[in-house]
Amino acid sequence: MKKLGVVGTLVILVASLCLGSLALAQEQLTIGLSFPSLSFAWFAFLEEAVKEKATQIGGIEVISLEAEDNVAKQISIIEDMIIRGVDGVLLVPIEVEAVVPAVEALNKANIPVVTVDRRIKEDAPVEVLCHVGADNVEGGRRAAKFIVDELIEKYGEPKGTVIELTGTPGAGPAIDRSAGFNEIMEQYPDITIKAQTANFRRDDGMKVMEDFIMSTPQIDAVFGANDEMILGAIQAIEASGKLDVKEVITVGFDALPEALQLIEEETLDATIEQFPGRQASTAFEILVKYLREKAEPENKVILIEPAVITKDNLHEAEKSIQ
Amino acid sequence: MPEPLETKKEKVSLVERFFILWDRIGILLAFIVVCILFGILTPVFFNPLNILNVIRQVSIIGVIAVGMTFVILLGGIDLSVGSVVAFTGIIAAGFQVKWGGSLFLSIVIPLLIGGGIGFLNGFISTKGGLHPFIVTLGTMSIFRGATLLVAKGRPISGMSRSFRFIGAGMIGPIPFPVILFLGSVIIAAIILRRTVFGRYIYAIGGNEEAALLSGIRVDRYKISAFTILGFLSALSGLILTSRLNSGELVAGEGYELDVIASVVIGGTSMMGGEGGVYGTLIGALLIGVISNGLNLLGVQPYWQMIVRGSIIILAVLMDKMKRRFRTA
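Residues numbered from 1 in each chain as written. Chains lettered and ligands numbered in written order. Predicted model: local features only at pLDDT ≥ 70, side-chain atom pairs only at ≥ 80, totals over all residues.

What follows is about the overall build of chain B. Within chain B, the regular secondary structure consists of 13 helices and four strands. Relative to its length of 328 residues, chain B is compact, with a C-alpha radius of gyration of 20 Å against a globular reference of 20 Å. Each principal axis of the C-alpha atoms in chain B carries an extent, and together these give about 70 × 55 × 35 Å. Every one of the 328 residues in chain B was classed for burial, and the buried ones make up 50%. Of the contacts formed within chain B by residues at least 6 apart in sequence, a portion of 79% connects residues at least 24 apart. (Helix = DSSP H or I, 4+ residues; strand = E, 2+ residues; numbered from the N terminus. Rg over C-alpha atoms; globule rule 2.2 N^0.38 Å. Buried ≥ 20, exposed ≤ 12 C-beta atoms within 10 Å, placed from the backbone. Contact = placed C-beta atoms within 7 Å.)

Pasting the structure below:
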């Protein structure tokens, strides 16, 4: 009996090995994924979505590396990927310009590259197969429109004081989101915007909000350019005893599970969803299609439209409440 | 301890007098001036709520700065404190949310881990004969990585009500973190001023060679100082995690700079042997007040960074001048 078991196991092992190598012979791909940092939940979702898609398509190995938010590190990661001989690279560049040399090296090595979420500088002398990203400016606009509508509902006209917590100074998404937000807000002279950066961080969001609560007697709304900051701000509002979190209009950005949970509890009013999973899997598909079938994508730039998630359309969010 | 200059018979010049005075109350004076300035510019500043607000904000950095004072008094340095904050914070959050939710474990285990990391920093640098700058540069990276590893790239949120007391609770009108902070300042001051342990720390920092020759077990004191710092960093990690209601992956990033700045602005010499924890208290408060005041005024944070940097250089410069006049 024991022997039979051993033989059986061996047979299964050999068979699976054969099958495995058969798939290998078909077209085994190795795809490199380089993104800024795992410290932001957003990229963790992106990585997960890519890996899921890879298993779904089959025969693809994903080498995924984070760069600790360090441009030099990202460049060396890409150089290592070239040496390892990956077939294609999915890239979330940390910065628009600094990563250009690495993309040049990829071009030289004839390795196609698709950028996701953040893009390379537009007039850079490099070849990018496709860019799949979110429209951060539009996301900022939608957040602003949501707040304006809520203010009209509250006062009958667009007026009030709105706190804007902006992201890390100089970061692409921080600039774009703020630009879109202020583009709309400028049309309403009776709405006062008070802006301060909280570096996309929850602890800074809380601290900056605490100080705003002291300095600003009446706060009608708070917009956080990411969920981390608005979650920190909500902690500050709840702890202050001066403001009621249900009274203040709060809007975040990124649709993290924790934010969705707070929307369900009616503590947070809205967040902007940019569908990182859809972005990542679309980009991944384009890259694989190009590698396997030599199919060029129809558009060089694919922007996925952001959506405002509120309690009424929670189900549209990509991630669900944990 | 250096002899006070007043006992000398020669005439003391005005400049010298200034630096003697500065040595005693300079930083306190600077702090009071800054406070009055902000008080005039924005009346909200002296609102009791705002004052508690500032001390509470400061307590997260301040608790670590108390520990850092011990290490810097011994001529050492620790860059790993921010990573220890993140790592112990995520462990606490893990025990709260994922691993059974025991309040006891989610407080005790992180504190033990923090102390353990501190011990490791001290042990490797003394027994291995390495500069603590290098050792803690290493552990800084190790525990930032370990934080990501444990958390699998996501913050861990949703602490229990009892755990939230650490960072958000109040005893009467005083926030609990403030009590932890001021408590650690007082305990540290007593240790440094009234115990043999404290006296030996000054002796070692002032002249390590002499301390060794007189039979003080220098290594033990250094390891103890790092252990105290690790423990207090973990305490800060608990306060932060509790306040944010979340174990954050980027928690504590850059804290080492604010912590070292607090200690140095507070008049503790980077060469060791001089300074104390009350100075650190004022140093930490000064940094906190500047950030708070500029926020209240709606000044962009770029200026906060510039102001803070200038103050650090000024403080160290004052320290240097003071020494020159003392040795002259």
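Glancing now at the domain arrangement of chain A. Domain annotation for chain A reports domain 1 (28-128) and domain 2 (136-273). One C-alpha centre belongs to domain 1 of chain A, the other to domain 2 of chain A, and the line joining them spans 32 Å. (Domains from an automatic or database assignment.)

Moving on, we come to the interface of chain B and chain A. The interface of chain B with chain A comprises 27 residues on the first partner and 21 residues on the second. For the side of chain B that touches chain A, the secondary structure elements donating two or more residues are α2 (48-73), α10 (218-244) and α12 (277-296) of chain B. The element contributing the most residues to the side of chain B that touches chain A is α2 of chain B, with four residues. The residue makeup of the side of chain B that touches chain A, split by class, is 12 nonpolar, 12 polar and three charged. (Nonpolar A, V, L, I, M, F, W, Y, C, P; charged D, E, K, R; others polar.)

Next up on the list: the pairing of strand β2 (residues 60-66) of chain A. Residue and element names in this part refer to chain A. Relative to β2, strand β1 (residues 29-35) runs parallel, the two being bridged by seven bridges. Of the residues in β2, the one forming a bridge with Ser34 is Leu65. Remark: the β1/helix α2 (residues 41-57)/β2 crossover connection has right-handed handedness. (Pairing = 2+ DSSP bridges. Right-handed = clockwise from strand over helix to strand, strands pointing away.)

Residue and element names in this part refer to chain A. Strand order in this open sheet of six strands is β2-β1-β3-β4-β5-β11, and the pairing throughout is parallel. Every other strand in the sheet has two partners, leaving β2 and β11 (301-304) as the edge strands with one partner each. Shown here is a sheet whose adjacent strand axes are inclined to one another by a mean of 15 degrees, direction ignored. Relative to the sheet, α2 contacts β1, β2, β3 (88-91) and β4 (113-117), its axis offset from that of β2 by approximately 170 degrees. (Axes fitted to C-alpha atoms, helices over the stretch in contact; angles between N-to-C directions.)

Moving on, we get to the environment of Glu305 of chain A. All names here are of chain A. Residue placement: Glu305 occurs in the loop between β11 and β12 (307-309). When the 12 C-beta atoms within 10 Å are taken as the criterion, Glu305 is described as exposed. Sequence spacing of Glu305 and Glu273 is 32 residues, and the spatial spacing of their C-alpha atoms is 8.8 Å. Filtering out sequence-adjacent residues up to four positions away, Glu305 remains in contact with Asp135 and Glu138.

Quick look at the packing of α2 of chain B against helix α7 (residues 176-194) of chain B now. All names here are of chain B. Where α2 contacts α7, the two axes come as close as 8 Å, and the packing angle between them is 35 degrees. Seen along the crossing, α2 lies across α7 with a hand that is left-handed. Note on element contacts: α7 touches α2 through Pro177, Val178, Leu180, Phe181, Ser184, Val185 and Ala188, opposite Leu52, Ile55, Arg56, Ser59, Gly62, Val63, Val66 and Thr69. Looking at the contact of α2 with α7 residue by residue, the classes come out as 10 nonpolar, four polar and one charged. (Left-handed = near helix turned anticlockwise from the far one by under 90°.)

Bringing helix α11 (residues 255-265) of chain B into the picture now. All names here are of chain B. Counting buried positions along α11 gives 10 out of 11 residues, so the element sits mostly inside the fold. Buried within α11 we find Tyr255, Glu256, Asp258, Val259, Ile260, Ala261, Ser262, Val263, Val264 and Ile265. Positive backbone phi, at 95 degrees, marks Gly267, one or two positions downstream of α11.

The next point concerns the pairing of β3 of chain A. Residue and element names in this part refer to chain A. Neither face of β3 is open: one carries Gly88 and Leu90, the other Val89 and Leu91, and all of them are buried. Here β1 runs beside β3; their pairing, made up of four bridges, is parallel. Looking at β3, one finds that Ile31 is bridged to Gly88. Two strands pair when backbone bridges link them, and β3 and β4 are joined in this way by three bridges, in the parallel orientation. Across the sheet, the residue bridging to Leu91 is Thr115, located in β4.

Low pLDDT means the predicted coordinates in that region are not meant to be read closely. Residues and elements named next belong to chain B. Taken residue by residue, chain B gives an average pLDDT of 88. The fraction at 70 or more is 93%. Under a pLDDT of 50 for its full length, residues 5-9 has, in the predicted model, four contacts with residues more than four places off or in other chains. Overall fold confidence for the complex sits at a pTM of 0.77, while the interface term, ipTM, reaches 0.72. (pLDDT = per-residue confidence, 0-100.)

Below, the discussion takes up the packing of helix α8 (residues 196-206) of chain B against α10 of chain B. Residues and elements named next belong to chain B. Taken N-terminus to C-terminus, the directions of α8 and α10 make an angle of 110 degrees; their axes are 10 Å apart at the nearest point. When the axis of α8 is compared with that of α10, the two are roughly perpendicular. Across the interface between the two elements, Tyr200, Ile201 and Ile204 of α8 pack against Val218, Tyr221 and Ala225 of α10. A per-class count over the contact of α8 with α10 returns six nonpolar, no polar and no charged. (Parallel < 35°, antiparallel > 145°, perpendicular 65-115°, else oblique.)

Right, let's talk about the sheet that holds strand β6 (residues 160-166) of chain A for a bit. Remark on secondary structure: sheet strands pair via backbone hydrogen bonds, oriented parallel or antiparallel. Residue and element names in this part refer to chain A. The strand order β7-β6-β8-β9-β10-β12 describes an open sheet built from six strands, whose pairing is mixed. For this open sheet the edge positions go to β7 (191-197) and β12, each flanked by a neighbour on one side alone. Taking the axes of each pair of neighbouring strands and ignoring which way they run, one obtains an average angle of 20 degrees across the sheet. Where β6 and strand β8 (residues 221-224) come together, four bridges link them in parallel fashion. Along β8, the bridge assignment pairs Ile163 with Val222.

So, about the environment of Ala174 of chain A. All names here are of chain A. Position of Ala174 relative to the elements: it lies in helix α6 (residues 172-185). The class of Ala174 is partly exposed, set by 19 C-beta atoms lying within 10 Å. Along the primary structure Ala174 and Asp312 are separated by 138 residues, whereas in three dimensions their C-alpha atoms are 27 Å apart. Leaving out residues up to four positions away in the same chain, Ala174 has contacts with Thr166, Gly167, Thr168, Pro169 and Ala225.

With that out of the way, let us pick up unusual backbone geometry. All names here are of chain A. Here the phi dihedral of Glu68 falls at roughly 50 degrees; this positive angle occurs in a residue that is not glycine. Of note, Asn199 is a non-glycine position whose phi angle comes to about 55 degrees, a positive value. Mapped onto the elements of the fold, Asn199 is located in the loop between β7 and α7 (202-215). Here Asn199 falls in the buried class, since 23 other C-beta atoms lie within 10 Å of it.

Let's shift gears to the nonpolar core. Core analysis: the biggest nonpolar cluster contains 179 residues, and Leu90, Ile147 and Ala233 of chain A together with Met68 of chain B have the highest contact counts within it. Those residues in contact with Ala233 of chain A that lie beyond four places of it in its chain are Leu165, Gly205, Met206, Met209, Val222 and Gly224 of chain A. (Core = buried A, V, L, I, M, F, W, Y, C linked by C-beta atoms within 7 Å.)

Another aspect to go through is α2 of chain B. All names here are of chain B. Ser59 marks where α2 bends most, by close to 50 degrees. By the criterion of burial, α2 is predominantly enclosed, with 22 of the 26 residues buried. Where α2 ends, the next residue or the one after it, Gly75, has phi of about 80 degrees, a positive value. (Bend = angle between axes of the 7 residues up to and from the residue.)

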